[in-house]
Amino acid sequence: MKTAEPIGLYIHIPFCRSKCPYCDFYSSVGKEEVMDHYLAALVNEMQTLRRVSPFLKGPLPPIGTIYFGGGTPSLFGGKRIACLLDTIASRFSVTENPEITVEANPSSTDAAFLSAIHSAGANRLSLGLQSAVDTERKALGRQSGAKETSQAIEKAIQAGFSRLSLDLMIGIPKQTPESLAKSLSFCLSSGAGHISAYLLQIEEGTVFYKRRNTLSLPEEDTQCQLYFQLCETLRDAGFCHYEISNFAKPNEESRHNLNYWRCGSYLGLGAAAHSFLFGRRFYFPRDIQSFLDGHVPVDDGDGGTKEEFILLSLRTKNGLDFADYQARFHEKLPQAFFMAAKNKIPPACIHLTEQSLSLTEKGFLLENEILAELLSAMPEEKSFHI
Ligand code: SF4
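Notes on the structure follow. (Residues numbered from 1 in each chain as written. Predicted model: local features only at pLDDT ≥ 70, side-chain atom pairs only at ≥ 80, totals over all residues.)

## Thoughts on the overall build of the protein
Quick reminder of the rule: Helix and strand definitions follow DSSP, with helices as H or I runs of at least four residues and strands as E runs of at least two, each counted in order from the N terminus. The globule rule used here is 2.2 Å times the number of residues to the 0.38 power, and the radius of gyration it is set against is calculated over C-alpha atoms. The exposure scheme places C-beta atoms from the backbone and then counts, for each residue, the other C-beta atoms within 10 Å of its own, assigning buried at 20 or more, exposed at 12 or fewer, and partly exposed in between.
Tallying secondary structure elements over the protein gives 16 helices and 17 strands in all. Taken against the 2.2 N^0.38 rule, which gives 21 Å for 386 residues, the C-alpha radius of gyration of the protein at 21 Å falls within 12% of a compact globule. For the protein, the spread of C-alpha atoms along the three principal axes comes to 60 × 55 × 40 Å. Across the 386 residues that make up the protein, the buried fraction comes to 38%.

## A look at the site of the ligand
We count it as follows: In this analysis, residues qualify as near a molecule or strand once their C-beta atom, positioned from backbone atoms, comes within 6 Å of it. Residue polarity is assigned by list, with Asp, Glu, Lys and Arg as charged and Ala, Val, Leu, Ile, Met, Phe, Trp, Tyr, Cys and Pro as nonpolar; anything else, Gly included, falls into the polar class.
Lining the immediate environment of the ligand, one finds Cys 16, Lys 19, Cys 20, Cys 23, Phe 25, Ser 27, Gly 70, Gly 71, Thr 72, Asn 105 and Gly 128. When its residues are assigned to classes, the shell around the ligand shows 4 nonpolar, 6 polar and 1 charged.

## Examining the packing of helix α4 (residues 111-119) against helix α6 (residues 146-159)
We apply this condition: Only C-alpha atoms enter the line fits that serve as axes; for helices the fit covers just the stretch in contact. Angles between N-to-C directions range over 0 to 180 degrees. Handedness of a crossing is defined here by the sense of rotation of the near helix relative to the far one, left-handed for an anticlockwise turn of less than a right angle and right-handed for a clockwise turn. Note on contacts: residues are paired as contacts if their backbone-placed C-beta atoms lie within 7 Å.
At their nearest, the axes of α4 and α6 sit 9 Å apart, and the two run at 35° to each other. As α4 packs across α6, the resulting crossing turns out to be right-handed. Residues Ala 111, Leu 114, Ser 115 and His 118 of α4 form the contact with α6, whose participating residues are Lys 155, Ala 156 and Ala 159. When the residues that make up the contact of α4 with α6 are grouped by side-chain class, the tally is 4 nonpolar, 2 polar and 1 charged.

## Observations concerning the pairing of strand β12 (residues 274-277)
In plain terms, the rule: What makes two strands pair is DSSP finding at least two bridges between them.
Pairing of β12 with strand β13 (residues 280-283), which is carried by 4 bridges, proceeds in the antiparallel orientation. When the bridges of β13 are listed, Ser 275 appears paired with Phe 282. The hairpin formed by β12 and β13 contains 2 residues between the paired strands, and Phe 278 there has a positive phi angle of roughly 50°.

## A few points about the nonpolar core
Note the following rule: Put simply, a nonpolar core is a cluster of buried Ala, Val, Leu, Ile, Met, Phe, Trp, Tyr and Cys residues tied together by C-beta atoms within 7 Å.
Ranked by internal contacts, the top residues of the largest apolar core, which has 67 residues, are Leu 9, Ile 11, Leu 127, Leu 166 and Ile 195. The contacts of Leu 9, once residues within four sequence positions are left out, are Ile 63, Ile 66, Ile 88, Tyr 266 and Leu 267. Leu 320, Leu 357, Leu 359 and Ile 370 belong to the second-largest nonpolar core, a separate cluster that totals 12 residues.

## Comments concerning the environment of Leu 188
Note on placement: Leu 188 falls in helix α7 (residues 177-190). When the C-alpha positions of Leu 188 and Leu 234 are compared, they lie 8.2 Å apart, and in sequence the two are 46 residues distant.

## Thoughts on the sheet that holds strand β15 (residues 320-321)
Strand order in the open sheet made by the 3 strands is β15-β17-β16, with antiparallel pairing throughout. Each edge of the sheet is formed by a strand with only one pairing partner; in this case those strands are β15 and β16 (350-352). The sheet contact formed by β16 and strand β17 (residues 356-359) spans 3 bridges and is antiparallel. Bridged to His 351 within β17 is Ser 358.

## Focus: unusual backbone geometry
Of note, the amide linkage connecting Gly 70 to Gly 71 takes the cis form, showing an omega dihedral of 20°. Mapped onto the elements, Gly 71 comes out in the loop between β4 (63-70) and α2 (73-76). Of note, the phi angle at Phe 278 is positive, near 50°, even though the residue is not glycine. Tracing the sequence through the fold places Phe 278 in the loop between β12 and β13. Looking at Phe 278, the number of C-beta atoms within 10 Å reads 18, which means it is partly exposed. One non-glycine residue, His 330, lies in the positive phi region at around 55°.

## Examining helix α3 (residues 78-91)
Condition: What a helix is expected to span follows from its residue count: subtract one and scale by 1.5 Å.
Taking 1.5 Å of rise per residue, the 14 residues of α3 would be expected to cover 20 Å, and the 20 Å separating its terminal C-alpha atoms lies within 8% of that figure. Buried within α3 we find Gly 78, Arg 80, Ile 81, Leu 84, Leu 85 and Ile 88. Buried positions along α3 lie against β1 (7-13), α1 (32-48), β4, α2, β5 (94-104) and α4.

## Describing the environment of Val 298
Tracing the backbone through its elements, the reader meets Val 298 in strand β14 (residues 298-302). Considered as a pair, Val 298 and Ala 341 are 43 residues apart in the sequence and their alpha carbons are 36 Å apart. Those residues in contact with Val 298 that sit more than four places away from it in its chain are Phe 282, Tyr 283 and Pro 285.

This is a description of form; function is not addressed.
Following this line, the structure appears as structure tokens:
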């Protein structure tokens, strides 16, 4: 694989104050002592790359973006994150002006944390708002209210953060167009230049899954209404719907996530962190103890297949660029793919030009069905290395 292209570095911080009833991310309630051991294990892996070395088919490319996700990185604390950033700066080649994002929960975001991570180089903060309506936040098991989020935003700006992202959720139990309007108005007045908006999914193994028959979830029609309301409000406020779940003001797109959607390479460190490097996917198991015990990542096979490239590209506003596809795979898309796009997908769901295929906002809503049609027109892939 020819790549001196910068890669993303993802660090998973699998600790939370308590488990939210809808959450399927890997995290557990964090104890200080375990967090210290976890920090030491991450630093050790960064310094030696011992466990990921079997997957490195050459020198590690320079790092262009760094993302601390979780779990709750803010609970991990400013000193530990600063220590990791110092280790990254001394150990790896990092491009100029890297984008460095830290996810934070308003209830564990104070001035000392913000100042520590900003001084260490973090330049983008992603706050988990979910809803600005306190009854909805409570239903989601969130400990802080909209007031704490406002205070966290204020402190972040004071600490020097100019790039802020807020997470928003639609399809929350008892959510209505009126309550979503309040959350959207909160987002717009916060000054955040980036909004990630997800439809609540009821995942197996969560508390919500057990209670799924008693949750007052909005009906499918209402969910669609909420989605279009979200798109319209953010569009009117100058946000671009640049990915199926992400909206940004000009130049505020998440560079780190764009790399994922462009099928770019990345290294993930920490329990449950996934990597895609030198055409290969691998991941650390969802198990903190396993990471502390020094276990090696699990090989997840070839990545960057044609199917993946199409699937990830169609998540973005720019969609699938046919020249990019041809440059990457040294062949054109098959005619059957275009026939499926023309004959099987409702015209209101796609933009098809000579150069590219992308989904409209209506198409984003039907993404799974559209992808199933398009991908079924592709010849079966055996194995593909880039
Ligand atoms: S704070 Fe975030 S990662 Fe932690 S349990 Fe809640 S939703 Fe999951």
